[in-house]
Amino acid sequence: MPDDISAVGYDGIRLSRVMNPVLTTWRQNAEELGTTAAAKLIEQIEHPLTVILDRVIVTGSLQEGSTVKQL
């Protein structure tokens, strides 16, 4: 890796930092995700017929490792 194949993980788990080679991974903002999900759920419970579906984007960050080739 990464010349023949690239690998990317998701959620930035600790294991990705201790693997050899170090896994490139996307770390989501779990606190923001939980807060947003709870607010949307409460909104749907309190106003079941008036909720408008929308797309929610939760921020995150890239934890660079050595499993993706530089292009």
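## Some remarks on the overall build of the chain
- Assigned secondary structure in the chain consists of two helices and three strands.
- Each helix and strand of the chain, ordered N terminal to C terminal, gives the series β-α-β-α-β.
- For the chain, whose C-alpha radius of gyration is 18 Å, the value lies well above the compact-globule estimate of 11 Å for 71 residues.
- When the backbone C-alpha atoms are referred to their principal axes, the chain occupies close to 50 × 25 × 15 Å.
- A fraction of 62% describes how many contacts in the chain between residues 6 or more apart in sequence connect residues 24 or more apart.
- For the chain, the exposed surface amounts to about 5,900 Å²; the carbon and sulfur share of it is 59%.

## Some words on the sheet that holds strand β2 (residues 24-28)
- Overall, mixed pairing links the three strands, which are arranged β1-β2-β3 in an open sheet. Of all strands in the sheet, those with a lone pairing partner are β1 (8-10) and β3 (60-63), marking the two edges. Within this sheet the neighbouring strands show an average axis-to-axis angle of 20 degrees, counted without direction.
- Judged from the four bridges that link them, β2 and β3 form a sheet pairing that is antiparallel. Across the sheet, Thr 25 pairs through a bridge with Gln 63, a residue of β3.

## Overview of the environment of Ser 61
- Among the secondary structure elements, Ser 61 is positioned in strand β3.
- Residues Ser 61 and Ser 6, spaced 55 residues apart in sequence, show a C-alpha to C-alpha distance of 18 Å.
- Not counting residues up to four positions away in its chain, the partners in contact with Ser 61 are Thr 25, Trp 26 and Arg 27.

How each quantity is defined
Residues numbered from 1 in each chain as written. Predicted model: local features only at pLDDT ≥ 70, side-chain atom pairs only at ≥ 80, totals over all residues. Heavy atoms only, no water. Helix = DSSP H or I, 4+ residues; strand = E, 2+ residues; numbered from the N terminus. Rg over C-alpha atoms; globule rule 2.2 N^0.38 Å. Contact = heavy atoms within 4.5 Å. Areas by Shrake-Rupley, 256 points an atom, 1.4 Å probe, with all protein chains shown as cover. Pairing = 2+ DSSP bridges. Axes fitted to C-alpha atoms, helices over the stretch in contact; angles between N-to-C directions.

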